[in-house]
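The residues making up each chain are set out below.
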Amino acid sequence: MRIAISGTHRTGKSTLVDELSDLLPAYVTVDEPYHQLEEEGHAFAETPSVEDFEAQLARSIANLDEAPADVVFDRCPVDFIGYLLAHEDRDAFDIEAWLPRVRGALRKLDLIVLVGVERPDRISLSASDDEEPRLAVDETLKELLLEDPHAFEVEVLEVEGSPRARAKQVLAHLADASR
């Protein structure tokens, strides 16, 4: 199966990818586009710009085109749409121009696992962290994935709890899907 872990920053996505990597040893993991682009020399602004998020969106689409059959992705194209729609310069983002490519890429996924912000929040944040944008992206992603206003038509599993509990929810879902 092709699985993507989605959510705003600091929700435990990468931790869940690591847990699933241990539990699904035959699966390949694909790092999030930010890290891939950074390794290639992309210089991100201190506060990511619309262009920075569009570069990550393009890389996420390319990752879905290039990856093998049994894979866990850290992030998917919808993540970057969430960030772009919540961005202060969101009017510079033309979602309609991207939707055909995003829909095509998402057809290559079997499941998106949504890791949302929990109450109480499991991730302790320092006073310097910008909580308002994080929550705005979380809300936007939940709308995009759970309400599906743009007809992405991909199966979504929302998980919660400890990293191990989240991984078990994914494994249980996979077991049910294979029946």
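Residues numbered from 1 in each chain as written. Predicted model: local features only at pLDDT ≥ 70, side-chain atom pairs only at ≥ 80, totals over all residues. Heavy atoms only, no water.

**Some details on the overall build of the chain**
Each helix and strand in the chain was counted, giving 7 helices and 5 strands. For the chain, the sequential pattern of α-helices and β-strands runs β-α-β-α-α-β-α-α-β-α-β-α. Here the chain has a C-alpha radius of gyration of 15 Å; the compact-globule value for 179 residues is 16 Å, and the two agree. Taken along the three principal axes of its C-alpha coordinates, the chain extends 45 × 40 × 35 Å. Evaluated residue by residue, the chain yields a buried proportion of 46% over its 179 residues. Side chains of the chain give 18 positive and 39 negative charges; the mean places of these two sets differ by 5 Å. (Helix = DSSP H or I, 4+ residues; strand = E, 2+ residues; numbered from the N terminus. Rg over C-alpha atoms; globule rule 2.2 N^0.38 Å. Buried < 20%, exposed > 50% of the residue type's maximum accessible area, 1.4 Å probe, protein only. Lys, Arg positive; Asp, Glu negative; His and termini not counted. Charge placed at Lys NZ, Arg CZ, Asp CG, Glu CD.)

**Quick look at the nonpolar core**
Counting residues in hydrophobic clusters, the biggest one holds 32 residues, and the most contacted among them are Leu57 and Leu109. When neighbours within four sequence positions are excluded, Leu109 is seen to be in contact with Arg2, Ile3, Ala4, Leu64, Phe73, Cys76 and Val154. Counting 16 residues, the second-largest nonpolar core is a separate cluster that includes Val17, Tyr27, Val72 and Val170. (Core = buried A, V, L, I, M, F, W, Y, C linked by side-chain atoms within 4.5 Å. Contact = heavy atoms within 4.5 Å.)

**Topic: a negative patch on the surface**
Taken together, Glu51, Glu88, Asp89 and Asp91 make up a surface patch of like negative charges. With respect to the element layout, Asp91 can be found in the loop between helix H4 (77-86) and helix H5 (95-106). The class for Asp91 is exposed, based on a relative accessible area of 79%. (Patch = residues over 30% accessible without salt bridge, like charges linked within 9 Å, V, L, I, M, F, W, Y side chains within 5 Å. Areas by Shrake-Rupley, 256 points an atom, 1.4 Å probe, with all protein chains shown as cover. Salt bridge = Lys/Arg side-chain N within 4 Å of Asp/Glu carboxyl O.)

**Quick word on empty space enclosed by the protein**
All told, the structure shown has 1 cavity of 30 Å³ or more when counted by the stated rule. As for the largest cavity, its lining consists of Val30, Asp31, Pro33, Ser60, Asn63, Phe73, Asp74 and Arg75. Sorting the residues of the lining of the largest cavity by element identifies helix H3 (50-66) and strand S3 (71-74) as the ones contributing at least two each. Across the lining of the largest cavity, the residue classes tally to 3 nonpolar, 2 polar and 3 charged. (1 Å grid on protein atoms, 1.4 Å probe; cavity = no way out; pocket = protein on both sides within 12 Å on 5 of 7 lines; lining within 4 Å. Points joined across faces, edges and corners; volume = space filled by probe spheres on them. Nonpolar A, V, L, I, M, F, W, Y, C, P; charged D, E, K, R; others polar.)

**A look at the packing of H4 against helix H6 (residues 131-147)**
In the contact formed by H4 and H6, the axes pass within 8 Å of each other and the chain directions differ by 125 degrees. In terms of orientation, H4 lies oblique with respect to H6. Of the two possible hands of crossing, H4 and H6 adopt the one that is right-handed. Contacts between H4 and H6 involve Val78, Asp79, Ile81, Gly82, Tyr83, Leu85 and Ala86 from the former and Ala136, Val137, Thr140, Leu141, Leu144 and Leu145 from the latter. (Axes fitted to C-alpha atoms, helices over the stretch in contact; angles between N-to-C directions. Parallel < 35°, antiparallel > 145°, perpendicular 65-115°, else oblique. Left-handed = near helix turned anticlockwise from the far one by under 90°.)

**Here's the deal with the packing of aromatic side chains**
Taken as a whole, this structure holds 2 aromatic pairs when the rule is applied. Considering the side-chain rings of Tyr34 and Phe44, the 4.2 Å spacing of their centres and the 25 degrees angle between planes classify their relative orientation as stacked. Residue Tyr34 is located in helix H2 (residues 33-39), and its partner Phe44 is located in the loop between H2 and H3; the two are separated by 10 residues in the primary sequence. For Tyr34, a relative accessible area of 26% translates into the label partly exposed. Ring geometry for Phe53 versus Tyr83: centroids 5.0 Å apart, planes at 15 degrees, classification stacked. Taken together, the residues span a long stretch of sequence, with Phe53 in helix H3 and Tyr83 in helix H4 at a distance of 30 residues. The residues Phe53 and Tyr83 share a single accessibility class, namely buried. (Phe/Tyr/Trp six-rings, centres within 6.5 Å; stacked < 30°, edge-to-face > 60°.)

**Regarding the layout of surface pockets**
Size it by volume and the largest pocket reaches roughly 840 Å³. What lines the largest pocket is a set of 31 residues, among which His9, Pro48, Phe53, Tyr83 and Pro133 lie closest to the centre. Those elements giving two or more residues to the lining of the largest pocket turn out to be helix H1 (13-23), H2, H3, H4 and H6. Here the element with the most residues in the lining of the largest pocket is H6; it accounts for 6 residues.

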